[in-house]
Amino acid sequence: MSEKITLTIDNQQVTVEQGTKIIDAAKSAGIDISVFCYHPKLESVGACRICLVEVGRTQQDRNTGELLLEEDGTPRVYFSGTLETACTIPVAEGMVVRTDNEKVNKAREDILEFILTSHPLDCPVCDKGGECSLQELTFSYGLGESRFPLEEKIHLGKHIPLGDLIYLDQERCIQCGRCVRFQKEIAADPVLAFYNRGRKANIVSYSNPPFDSYWSGNTTDLCPVGALTTKDFRFEARIWEMESAPSICSHCPVGCNITINTRWDPKTGQKTIQRVMPRQNEWVNELWICDKGRFAHQFTSGKKRLTKPLARNSQGKLKSVSWQKAFKIASEGLKSHTDGLVTLAGGRLTNEDLFQLSQLTDGLAGKKILDSSLAGGDLTARVGLGQGSNIKDVGPGSAILVVACDLEEEAPLWWLRVKAAAERGATLIVANPRETKLDRAANHILRYAYGEETKTVVDFTKKGNKIARAFKEAENVIILFGSEGMSYSSSINLAQACANLLISTKHVGKKNNGLLAVWPEANTQGARDMGFIPRENLPEVLESAEALIIAGADPVGDGIVEDLSEKFLIVQELFLTDTAAQADLVFPVLAVTEKPGSFTSGERRVQLFEAALPAQGECLADYEIAGKLGEALGLNMVQGSAEQILKEIIKSQPNYESLTLAALREAPEQQPFVAKEALSYTGTVFKNTSGVGVLLPVEAEKTEISLEKISLTKTKFGKGLIAVPVTRLYDQGTMVRSSEVLHPRLLTSQLIINPTDAEKAGLTSESQVKISFGKRKFEAVVDLDNSVPEGVVLVPRSMGILLVGPENAVIKAVK
Amino acid sequence: MAKYQKEIQKILAKYPPDQKRSAVMPLLFLAQRKEGFVRKQALSEISQILDLQETEVATLVGFYTLFHDHQAGTYRIQVCTDLCCALRGSEDFLAVLCEALEIKPGETTQDGLVTVEEVKCLAACDKAPMYQVQVKDGISYHENCSVDNTLGMIQEWREDSNGKEEGAI
Amino acid sequence: MSEYVLLRHRDIPNIKDLKVYQEQGGFESFKKAVTTLEPVQVTDIIKTSGLRGRGGAGFPTGLKWSFMDQGNWPHYVVANADESEPGTFKDREIIEENPLQFLEGVAIGSYAVGANAAYIYLRGEFWQLAEFLDTKISELERAGLLGEKLFGTDYSLKIHTHLGAGAYICGEETALLESMEGKRGQPRIRPPFPPSFGLYGKPTVVNNVETFANVPRIMEKGPDWYRELGTEDSAGVKVFSLSGRVKKPGNYEMPFGSTYRELIFTHGGGIVNDAQIKAILPAGASSAILRATDNVLDTPLEYASIRNLGSDVGSGSVIVIDETVSMDWVIKKTIDFFKHESCGKCTPCREGNYWMSHLTRQIAFGEKNEDQIQLLYDVAKNIQGKCLCALGEFSVMGVLTSIERFPEDFGREPKEPDKG
């Protein structure tokens, strides 16, 4: 524990931890000091000077070291007469700070006047209008008149694309440098900088492509003025016209808290999403979201959305029918196939959807199967993160092992937080067959050949080297594992090996210890908890079923099975996928933005979200469909709202019984302080008022978990190239592709190989090729990357090439 | 940059191995040696040598006045017109010199040989009018100058460069 | 005439040659320090000598050396040869003509603070000087006066030159360190000061060229000798760079306690065309400008006495203004300079100098408008006390003091003639 310091700010006694800056100490006492360049998550630079305050310090006798006292016995406090920046000065015992006297107020007014000399007067058309720090502070403290002549204002570039997603208005920039520092310190992509100096300095990016970062959108939240704006929101709406709905990002297992801003579009008469903003949750995403979460939101408003139930008619065509008719066909069909029902569900469904589907399937004695390329959901329930965990608290004395994943690509916020933990002093061990961005933050790197991930985890602690020592000496250990280059079946072993390592070193069931799976989808963990289990022999299971309910999954499109048209097939979908096209019945469902519900994140944090948009067409939520179908089949189903279903989940599901709705909705005060009235302090990130969620308990907290055997069979490959599936953030999946703003950033090449291999095969970057795995053949475009091991082809998932695990491949150039 | 391997190693050797970013300014001077300004290609090469982002290299070209991001004359005559030099007639010197060369400060003579620029104090306040001449691979001071001797010097450069061109044919 | 302490080449031609310098006892002080003295003893000698930093701030040199954080290693020494203040050209002459004395000073300073590497940061324009210093350093290495295990001890020292690339702000010590680290030369927040957090975050002493050049002579002749050269307040000698409207501009070494009159009229030969002297900028473009009254001309030059007059010794760059020059033009020139050199990091300096440059231009070249003059004065006042570093703080000195002390040049009522 660090020492506490007591000081006086504006006659108020404030006690804070040693090392706290005056500005944060004031904030903790409810005293606002204006800022532009300071941000509590960034290094302070003292540049904008708006936070100047008067600081008095106690004095010591030079010889005795004793405090000098006033006549009345109180410590003498000396004021130097020079104002000091509250953002750079750490508190000291007995310090006296004045933030609100004539001198300080005059200084703030002067700095505002200086900033406004070069700031344009285009507030009426500025997207930041209504949430602009400069506007707010000028309104509160400004001079009210301009002594700098309008005609002499500096003119600079107005609509400069810094990259594909962010625009710069050079005139509006007040050179606070928050964006530059964010990119360097938080995102570790120092691709923004100032060019020139003095008043002429402006922000530039020289990366290729420009502003090459998955984090660029956050700079617009930090920008205290309208200098940086996002491409999707520029000139689209006024801040005060929009409604806000608290939501959870559905793109990856992190579960970032977001706020969805919507507006009734007067032209179309429809409510549409205007922008996605981060919502503070210091246990999950702090103040940040990645660009995929921010920009890939248009999939829900895609024109190809299904809006009516479809049933196959006598000519074999899918035609729209009423819900009543659809349920009738469904219940009759299911009744006549009672023996062989299989329900396949994906991790993008909510807990409520999954619970209802589970009840329905159980009622019909069917099999509940989870569509996941990664195993271990049972293990994370046993030895996942312990109660009270927060990666933000992980630092010296802790170790984090990240194995078989490219964390920034798969779960960007975890990358950010793990990297930050390493910077704070945690020991970071990264084990992966190729270099990833996380390597730069790692203390130790374990490189292994594809297929040897489990062996690597089993073996590395047995050695007497410094990596083994670093791991063994750690007080707390977190392991994250992913599915880089793996099939589902090899991930079973890896998950168990990671769990065993934690169990055998007693790093389970405790705060800041445990296992994290880098799931392919937002609610894969929730689906596992609701009883859906992945199967190694999924193709056979699907092919042997008589009736199928498939929700949130597309096994035909994913190449798991080819033909399900002979089955009695019900599909619940947003779009007419390849699987839906073979169905007897297609139920149009609500998108995650159109219904309330809950997700269980990869950390096993249950978080609630609300509907941001009204229902499209006749769509129903998956949980409603399952509920009604069950009812039609005479099953005893929970009927009602998502909340009522959640109450039932809490009542009946193991590990969920500790939850309460009240706890889920609890939104405690967080540090740093976020609020609309403190806009300049933390930026436009939304305050969390609807709940930070609850971390589920793990079984290891209650019972001892035993080690399980693993088989160390090595995958055997033939000669030649080995193709391995990897995950990339900007793939060509439905969720991403429908967001046009992201198109310039999407991957265009589906194969990535080492330049040496390329040379041998006579290929260059962007060569058109044909890749074949036995009989399966795909056309593809090649990209070169030195970090890919020789003899290996990386095949990004969701890019059109179906590959579920490592396989021998042949690549031939197409002429 | 590849052809300067030896010099690059010599520069890097000056700084602790984990602080090679310190070499960025010397490397930028090296990059200017060929054409008198830094091309984007050089930014990329320097960033690779030093493990930096190109943006981190480019920002220095923008900050420091002796780095240039575009082509100018072979000889950059940089005349100090700061307070002390102006007190000794450097502003007139600049005006007359530019007139004689038929250019404005900041411009390049038609033959592309000379660019005349106005600069701030060069620490030669007692010897004004004075200027420095920046060429691709160095900087030299010229003090107590007159327009006549400056024009004479330019004439010599001109003859030199013509000679070279003829020699090249 | 007493002998030169710093501009010794004026007594001993060719002192830049190692052989000549060694004949004069060169590098004996360094050798003596390394072989017979503890580092702290060297620091104590410099403390006792009363030597103060010659870069402008005048901070006691020995005290600075004693602040080096002993719990954080390695230590570095950086010589500030970024000489860029308009009116300052003394370091250049020292390096050009008496380089070995300077280098020996760097070496002694490095030994005193336990640094095994020292860097000389030269402004980029000093390209030729850097090449010259490199040859001198190589010569010293060959002679065994720099390098590994010096004089049979365990002490090793490498000195490197490092070129800036055109930025006045890099003369500010923390901006210089940023620049040396390969970044934009923008000042850091102080504290922490370089002796606890300097180059690469390690304890670092940054001293001016002239400061280092004093050190070998102090070591050789003792701190008391040095103290006695100057006055009680200001020990030793100072090189003054004299420029502006004088007949013989140049560098003049004088002991503290001499006067501006001696500098300007004895050494500098008086005013061009024998015009009337009007003003003195004692510390370059950053000066609080003094009216050249008899009192000012005859005040013994010391850190304290010049401060009492309302200015600063600074780096000793004395710019002389005569009656033919109007102060509104002078401040237009100084503000042009600061606007060009403001790094842009802090608001008041960046925006304030931009604003002042508009006003000073209008005032110097347009009609004198009282509203504008008052506005200029207000803007300058509003900058004062709010800047991140000294550049901004001092950028306004000329403006404020010109308007206050030379009202007649701004169309205001002249002040009562000075009585002093």
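Residues numbered from 1 in each chain as written. Chains lettered and ligands numbered in written order. Predicted model: local features only at pLDDT ≥ 70, side-chain atom pairs only at ≥ 80, totals over all residues.

Caption draft 1: Geometry of the overall build of chain C. The helix and strand tally for chain C stands at 18 helices and nine strands. The C-alpha atoms of chain C give 22 Å as radius of gyration, which agrees with the globular expectation for 420 residues (22 Å, within 12%). Once the C-alpha set of chain C is aligned to its principal axes, its extents read approximately 70 × 45 × 35 Å. Within chain C, contacts between residues at least 6 apart in sequence are counted, and of these 70% link residues at least 24 apart. (Helix = DSSP H or I, 4+ residues; strand = E, 2+ residues; numbered from the N terminus. Rg over C-alpha atoms; globule rule 2.2 N^0.38 Å. Contact = placed C-beta atoms within 7 Å.)

Caption draft 2: Layout of the overall build of chain B. Secondary structure summary: chain B contains seven helices and four strands in total. Sequence-ordered secondary structure for chain B, helices as α and strands as β, is α-α-α-α-β-α-α-β-β-β-α. Along the longest, intermediate and shortest principal axes, the C-alpha atoms of chain B span 50 × 45 × 25 Å. Evaluated residue by residue, chain B yields a buried proportion of 43% over its 169 residues. (Buried ≥ 20, exposed ≤ 12 C-beta atoms within 10 Å, placed from the backbone.)

Caption draft 3: Looking closely at the sheet that holds strand β3 (residues 158–163) of chain C. Residues and elements named next belong to chain C. Strand order in the open sheet formed by four strands is β3-β2-β1-β4, and the pairing between neighbours is parallel. Of all strands in the sheet, those bounded by a partner on one side alone are β3 and β4 (204–208). Averaged over all pairs of adjacent strands, the angle between their axes in this sheet comes to 20 degrees, without regard to strand direction. Here strand β1 (residues 75–81) runs beside strand β2 (residues 115–122); their pairing, made up of seven bridges, is parallel. Considered in β2, the bridge of Ala79 is made with Ile120. Along the sheet, helix α8 (residues 173–180) contacts β1, β2, β3 and β4; its crossing angle with β1, the most-contacted strand, is approximately 110 degrees. (Pairing = 2+ DSSP bridges. Axes fitted to C-alpha atoms, helices over the stretch in contact; angles between N-to-C directions.)

Caption draft 4: Region of the structure containing unusual backbone geometry. Cis geometry is adopted by the peptide bond preceding Pro672 of chain A, which originates at Gln671 of chain A and carries an omega value of -5 degrees. Within the secondary structure, Pro672 of chain A sits in the loop between α19 (661–664) and α20 (679–682). That bond from Trp73 of chain C to Pro74 of chain C is cis: its omega, 0 degrees, falls within 30 degrees of zero. Along the chain, Pro74 of chain C turns up in the loop between α4 (61–66) and β1.

Caption draft 5: Expanded view of the interface of chain A and chain B. Between chain A and chain B, the residue contacts involve twelve residues of the former and nine residues of the latter. Top contributing element to the side of chain A that touches chain B by residue count: strand β9 (residues 193–195) of chain A, with three residues.

Caption draft 6: Layout of the interface of chain C and chain B. Taken together, the contact between chain C and chain B spans 38 residues of the former and 33 residues of the latter. Those elements giving two or more residues to the side of chain C that touches chain B turn out to be α7 (127–142), β3, β5 (237–244) and α14 (327–341) of chain C. By residue class, the composition of the side of chain C that touches chain B is 15 nonpolar, 15 polar and eight charged. (Nonpolar A, V, L, I, M, F, W, Y, C, P; charged D, E, K, R; others polar.)

Caption draft 7: Here's a closer look at the sheet that holds strand β3 (residues 131–135) of chain B. Residues and elements named next belong to chain B. Strand order in the open sheet formed by four strands is β2-β1-β3-β4, with mixed pairing between adjacent strands. Only two strands of the sheet have a single partner each, and these edge strands are β2 (114–119) and β4 (138–142). Strand-to-strand twist across the sheet, computed as the mean angle between neighbouring axes with direction ignored, equals 25 degrees. Of the strand pairs in this sheet, β3 and β4 are connected by five bridges, and their pairing is antiparallel. From the neighbouring strand, Gln134 faces β4, where its bridge partner is Ile139. Sitting on the sheet, helix α6 (residues 90–101) touches β1 (75–80) and β2, and the angle it makes with β2 is about 160 degrees.

Caption draft 8: Up close: the environment of Glu453 of chain A. Residue and element names in this part refer to chain A. In this fold, Glu453 is placed in helix α12 (residues 453–459). The exposure class of Glu453 is buried, given the 29 C-beta atoms found within 10 Å. Here the alpha-carbon distance between Glu453 and Ala404, two residues 49 residues apart in the chain, equals 6.7 Å.

Caption draft 9: Highlighting the nonpolar core. Ranked by size, the top nonpolar core spans 410 residues in total, and within it Ile479 and Cys498 of chain A carry the most contacts. Ignoring anything within four residues of it in the chain, the contact list for Cys498 of chain A reads Val403, Val457, Ile479, Phe481 and Leu515 of chain A. (Core = buried A, V, L, I, M, F, W, Y, C linked by C-beta atoms within 7 Å.)

Caption draft 10: Summary view of the environment of Ala26 of chain A. All names here are of chain A. Mapped onto the fold, Ala26 is located in helix α1 (residues 22–28). Once the C-alpha coordinates of Ala26 and Glu779 are considered, the two residues, 753 residues apart in sequence, prove to be 61 Å apart. Not counting residues up to four positions away in its chain, the partners in contact with Ala26 are Ile9, Ile31, Ile33, Ala86 and Thr99.

Caption draft 11: Just the packing of helix α8 (residues 351–363) of chain A against helix α18 (residues 642–652) of chain A, in detail. All names here are of chain A. Relative orientation of the contacting elements α8 and α18 amounts to 65 degrees, with a least axis distance of 9 Å. Here α8 lies roughly perpendicular to α18, going by the angle between them. For the pair α8 and α18, the sense of crossing is left-handed. Side by side, α8 and α18 meet where Asn351, Glu352, Phe355 and Gln356 of the first sit next to Ala642, Ile645, Leu646, Glu648 and Ile649 of the second. For the contact of α8 with α18, the class distribution of residues is five nonpolar, two polar and two charged. (Parallel < 35°, antiparallel > 145°, perpendicular 65-115°, else oblique. Left-handed = near helix turned anticlockwise from the far one by under 90°.)

Caption draft 12: Main features of α8 of chain A. Residue and element names in this part refer to chain A. Here α8 spans 18 Å end to end across 13 residues, near enough to the 18 Å set by a 1.5 Å rise per residue. Within α8, eleven of the 13 residues are buried, which leaves the element mostly enclosed by the surrounding structure. Burial in α8 covers these residues: Asn351, Glu352, Asp353, Leu354, Phe355, Gln356, Leu357, Ser358, Gln359, Leu360 and Thr361. One or two positions beyond α8, positive phi appears at Ala365, with a value near 55 degrees. (Expected span 1.5 Å × (residues − 1).)

Caption draft 13: Up close: the pairing of strand β14 (residues 270–278) of chain A. Residue and element names in this part refer to chain A. Where strand β13 (residues 257–265) lies against β14, eight bridges are found, and the strand directions are antiparallel. The residue bridging Asp265 from the neighbouring strand is Gln270, located in β14. Where β13 folds back on β14, the antiparallel hairpin that results is connected by four residues, among which Gly269 adopts a positive phi of roughly 70 degrees.

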